[in-house]
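Single-letter residue listing:
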Amino acid sequence: NYFVGIGLARESAWLTSPYFIPDETILSALIGAALKGVDVRILVPAKSDVLLVGPAGRSYYQQLLAVGIRIFEYLPSMIIAKTMVIDEQLALVGSANIDIRSFRLHFEVGALIEDPQVATILRDRFNAQSLESREITLDTVMDWPIVKRLQHGTARLFSPLL
């Protein structure tokens, strides 16, 4: 699972998810990993196919970016992959998004694979997709108009339903 994988990370934790609305446990794990020096990166689509999911996810960006987590929004299309690569040794591939519904409501599955070759393939894919993405920085978030930031915060209120 994501929490265990992030907790095991010593060097890097790179996550890809079409829907990113972390619960408090995952949020704490991500922040804790970044604070202990882990290279944490998150790849999500720039445009979601569910109206409030993108804005709700963006409401977490400032908090994540402030501790050094890198966030990439994939521009060409929706991302379907749900993966995580830990320290170029472990890979997680599954059906769970990084959202409350996947963690608490749906019966999701994931395979934790201890194979550097699989981890390298997923890491290379992440790198390729990040080249087709815009990296969101703390300056980017701080430059968003107040109306946009209010929309993100309002969407976050609906996170348990998304």
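Preceding block: the structure.
For the structure given in this document, a descriptive report is provided here. (Residues numbered from 1 in each chain as written. Predicted model: local features only at pLDDT ≥ 70, side-chain atom pairs only at ≥ 80, totals over all residues. Heavy atoms only, no water.)

**Let's talk about the side chain of Lys82**
Looking at the element boundaries, Lys82 is found in the loop between β4 (70-74) and β5 (83-86). Given a relative accessible area of 18%, Lys82 falls into the buried group. If near-sequence neighbours (up to four positions away) are discounted, Lys82 is found in contact with Tyr2, Thr16, Pro18, Leu92, Val93, Gly94, Ser95, Ala96 and Asn97. (Helix = DSSP H or I, 4+ residues; strand = E, 2+ residues; numbered from the N terminus. Buried < 20%, exposed > 50% of the residue type's maximum accessible area, 1.4 Å probe, protein only. Contact = heavy atoms within 4.5 Å.)

**Topic: the nonpolar core**
Soluble globular proteins tend to pack their nonpolar side chains together in the buried interior. Core analysis: the largest hydrophobic core is formed by 36 residues, its most contacted members being Tyr2, Ile6, Leu15, Leu30, Tyr61, Leu64 and Ile69. When near neighbours in sequence (up to four residues on either side) are disregarded, Ile6 contacts Leu15, Ile26, Ala29, Leu30, Ala33, Met84 and Ile86. Counting residues in each nonpolar core, the second largest holds seven residues, with Trp14, Leu43, Phe72 and Ile79 among its members. (Core = buried A, V, L, I, M, F, W, Y, C linked by side-chain atoms within 4.5 Å.)

**Here's the deal with helix α6 (residues 116-131)**
When the terminal C-alpha atoms of α6 are compared, their 22 Å separation across 16 residues agrees well with the 22 Å that a helix rising 1.5 Å per residue should span. The set of residues buried in α6 consists of Ala119, Leu122, Arg123, Phe126, Gln129 and Ser130. Buried residues along α6 cover an arc of 125 degrees about the axis, so they all sit on one side. In α6, the exposed positions that point more than 90 degrees away from the buried face belong to Gln117, Ile121 and Leu131. Turning to α6, the residues buried within the fold contact β1 (12-16), β3 (39-45), β4, β5, β6 (90-94) and β9 (133-136). At the N-terminal boundary of α6, the capping side chain belongs to Asp115, with an oxygen 2.8 Å from the backbone nitrogen of Gln117. (Expected span 1.5 Å × (residues − 1). Arc of directions from axis to C-beta. Polar contact = N/O pair within 3.5 Å; in protein donor to acceptor, adjacent residues only side chain to side chain.)

**Some thoughts on the environment of Ser133**
Tracing the backbone shows Ser133 in strand β9. Here the alpha-carbon distance between Ser133 and Ala46, two residues 87 residues apart in the chain, equals 7.9 Å. Those residues in contact with Ser133 that sit more than four places away from it in its chain are Leu43, Phe72, Glu73, Tyr74 and Leu75. Only 2.6 Å separates the side chain of Ser133 from the backbone oxygen of Gln129, close enough to count as a polar contact.

**Let's talk about the sheet that holds β1**
If you walk across this open sheet you meet the seven strands as β8-β6-β5-β1-β3-β4-β9, and the pairing is mixed. Strands with a single pairing partner mark the edges of an open sheet, and in this sheet they are β8 (110-114) and β9. Each strand axis lies, on average, 15 degrees off the axis of its neighbour in the sheet, ignoring direction. Pairing geometry for β6 and β8, over five bridges, is antiparallel. Bridging across to β8, Leu90 finds its partner in Glu114. Along the sheet, α6 contacts β1, β3, β4, β5, β6, β8 and β9; its crossing angle with β1, the most-contacted strand, is approximately 65 degrees. (Pairing = 2+ DSSP bridges. Axes fitted to C-alpha atoms, helices over the stretch in contact; angles between N-to-C directions.)

**Quick notes on a nonpolar patch on the surface**
Taken together, the side chains of Phe3, Val4 and Leu8 define a hydrophobic patch exposed on the protein surface, amounting to about 260 Å² of accessible area. Tracing the chain through its elements places Val4 in helix α1 (residues 2-8). (Patch = residues over 30% accessible without salt bridge, like charges linked within 9 Å, V, L, I, M, F, W, Y side chains within 5 Å. Areas by Shrake-Rupley, 256 points an atom, 1.4 Å probe, with all protein chains shown as cover. Salt bridge = Lys/Arg side-chain N within 4 Å of Asp/Glu carboxyl O.)

**Let's talk about the packing of aromatic side chains**
Under the criterion given, the structure shown has three aromatic pairs. Ring centres of Trp14 and Phe126 lie 4.9 Å apart, and the angle between their planes is 40 degrees; on these two criteria the pair is classed as tilted. Taken together, the residues span a long stretch of sequence, with Trp14 in strand β1 and Phe126 in helix α6 at a distance of 112 residues. Considered together, Trp14 and Phe126 belong to a single accessibility category, that of buried residues. Ring centres of Phe72 and Phe126 lie 6.2 Å apart, and the angle between their planes is 90 degrees; on these two criteria the pair is classed as edge-to-face. You can see Phe72 sitting in strand β4 and its partner Phe126 sitting in helix α6, a full 54 residues away along the chain. Phe126 matches Phe72 in its accessibility class, with the two residues each being buried. (Phe/Tyr/Trp six-rings, centres within 6.5 Å; stacked < 30°, edge-to-face > 60°.)

The quantities given are spatial measurements derived from coordinates; they are silent on function.
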